[in-house]
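Residue strings, one per chain:
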Amino acid sequence: HPSIAFGGLDGTSETSNEAWEIKADQYGNYEVTKLRPTGTRPGTKWLCASVYDPTLDRFIITMGGDKNAVSSEVWELSFTGSDQGVWTQRTPTGSATAVAGPGYANKASNNRLYIFGGATNVALTTTSTQLVYLDYTTTNCAWASPTSSGGTARRTPVLVYDGTNDKLIVFGGYSGSASLQTLSYWDVAAAGAWANAVPTTDMPDARRSHAGVFVNDKFTISVGRSDSSLWYKDTWELTPNYGTPNSSTWVNKMPRAYHPAYIFHDPNTTGAYHWQTWATEDSVDSTKVAFGSNTESFA
């Protein structure tokens, strides 16, 4: 089924309970269409967790909040027999602490949506180390709490699942007072403690509300927000080393990266110019690192 977007913040302080369908046409162009589901809708929310269940052809959302409360309710938007979907609230067995902005990752092989961290209050300042999963094998689903310890409390991190090694990886997030650079691994089969990794290579700046994916044995993150409200535009790729976490390596992929550069032309001499670059991104006041003329190589 095409991707579904639900809820969110409207740019001020109002949350939404709209559902939108995102799909590509035959030419690869993406279209976004507002759905008009039947059934009773969930309340307005943002910072939710979600997963698509292909067996029952349904989109499941949980956690998240509005400006009054956070919630651990579980809702499904079923597409069985309906292109627009039908909303139904589910009543899972077990329990989980309500949070907004958790990291979440799907282990599709056994229908588990893992949820880590999140904020327990509307102001998003009190953060959690909760690790739970929602088993969506059955219609009503079930909450379970695996054994875990040592996690860093945070909200709006990225959590991904490495299916080859049966590990969860979490990076970044917000502690309640500052954004984090913390990178941690959790062994799904063994459970137990989170293992923090402090790679010695260059690494992404501390950030929250970023995007991430695990593909081809690499953990890739992109964009996100700093504490100064700067929105990043970089992309980083991690090669994890679970045996020796500090030997994990980050690489800045720099897609279409640009750096400040000026070229000055001498109007009195045909073809004469000199060029200058700077070391610090988005700055023209930092130490100059290169100087050349038209007789020198740009290599």
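Fair warning: this is a prediction, and the values are worked out from it, not measured in the lab.

Criteria and thresholds
Residues numbered from 1 in each chain as written. Predicted model: local features only at pLDDT ≥ 70, side-chain atom pairs only at ≥ 80, totals over all residues. Heavy atoms only, no water. Helix = DSSP H or I, 4+ residues; strand = E, 2+ residues; numbered from the N terminus. Buried < 20%, exposed > 50% of the residue type's maximum accessible area, 1.4 Å probe, protein only. Contact = heavy atoms within 4.5 Å. Areas by Shrake-Rupley, 256 points an atom, 1.4 Å probe, with all protein chains shown as cover. 1 Å grid on protein atoms, 1.4 Å probe; cavity = no way out; pocket = protein on both sides within 12 Å on 5 of 7 lines; lining within 4 Å. Points joined across faces, edges and corners; volume = space filled by probe spheres on them. Nonpolar A, V, L, I, M, F, W, Y, C, P; charged D, E, K, R; others polar. Pairing = 2+ DSSP bridges. Axes fitted to C-alpha atoms, helices over the stretch in contact; angles between N-to-C directions. Polar contact = N/O pair within 3.5 Å; in protein donor to acceptor, adjacent residues only side chain to side chain.

J.: Could you clarify how one ought to interpret the overall build of the protein in this entry?
T.: On a plain count of helices and strands, the protein comes out with zero helices and 24 strands. For the protein, the proportion of its 299 residues judged to be buried stands at 40%. The long-range share in the protein, meaning contacts at least 24 apart out of those at least 6 apart in sequence, stands at 45%. Total accessible area on the protein stands at roughly 15400 Å², and carbon and sulfur atoms take up 50% of it.

J.: Would you mind showing me how to read the layout of surface pockets here?
T.: A water-sized probe rolled over the atoms picks out the places where empty space is left. Estimates place the volume of the second largest pocket at around 500 Å³. Lining the second largest pocket are 23 residues, and of these P102, Y104, P157, V158 and H210 sit closest to its centre. Breaking the lining of the second largest pocket down by element, the ones donating at least two residues are β4 (49-53), β8 (103-107), β13 (158-162) and β18 (211-215). The residue makeup of the lining of the second largest pocket, split by class, is 15 nonpolar, eight polar and no charged.

J.: Looking at this structure, how should I read the sheet that holds strand β1 (residues 3-6)?
T.: Pairing between sheet strands relies on hydrogen bonds along the backbone, with the strands arranged either parallel or antiparallel. Spatially, the three strands line up as an open sheet ordered β1-β2-β3, and their pairing is antiparallel. Each of the sheet's edge strands pairs with one partner strand only, and the pair in question is β1 and β3 (30-34). Mean inter-strand twist for the sheet, computed between neighbouring axes without regard to direction, equals 25°. Of the strand pairs in this sheet, β1 and strand β2 (residues 19-24) are connected by four bridges, and their pairing is antiparallel. Opposite A5, over in β2, you have W20 as the bridge partner.

J.: Sorry, what's going on with the side chain of S226 here?
T.: Mapping S226 onto the fold places it in the loop between β19 (218-222) and β20 (235-239). By relative accessible area, S226 is classed as buried at 5%. A distance of 2.9 Å separates a polar atom in the side chain of S226 from a polar atom in the side chain of S228. Other than its neighbours up to four places away in sequence, S226 contacts S179, A206, R208 and Y232.

J.: Explain unusual backbone geometry here, please?
T.: Among all residues save glycine, negative phi is the norm, and among peptide bonds the norm is trans. Of note in this structure, T156 is not a glycine but carries a positive phi near 50°. Note that T156 resides in the loop between β12 (148-149) and β13. Residue T156 is classed as buried on the basis of its relative accessible area, which comes to 8%. Located in the positive-phi region is D166, a residue other than glycine, with phi close to 55°. Within the element layout of this structure, D166 appears in the loop between β13 and β14 (167-171).

J.: It is not clear to me how the pairing of strand β9 (residues 112-116) should be interpreted in this structure. Could you clarify?
T.: Sheet faces and side chains relate simply in a regular strand, where the side chains alternate between the two faces. The element β9 is largely enclosed, with a buried count of four among its five residues. Where β8 lies against β9, five bridges are found, and the strand directions are antiparallel. Paired with Y104 across the two strands is I115, which belongs to β9. Between β8 and β9, which pair antiparallel and follow one another directly, the connecting turn spans four residues, one of which, N111, has a positive phi of 55°. Direction of pairing for β9 relative to strand β10 (residues 131-135): antiparallel, over a ladder of five bridges. From the neighbouring strand, Y114 faces β10, where its bridge partner is Y133.

J.: Please clarify how the sheet that holds strand β7 (residues 86-90) should be interpreted in this entry.
T.: Spatially, the four strands line up as an open sheet ordered β4-β5-β6-β7, and their pairing is antiparallel. At either end of the open sheet lies a strand with only one pairing partner, and these are β4 and β7. Each strand axis lies, on average, 20° off the axis of its neighbour in the sheet, ignoring direction. One ladder, built from five bridges, connects strand β5 (residues 58-62) with strand β6 (residues 74-78); its direction is antiparallel. Across the sheet, R58 pairs through a bridge with S78, a residue of β6.

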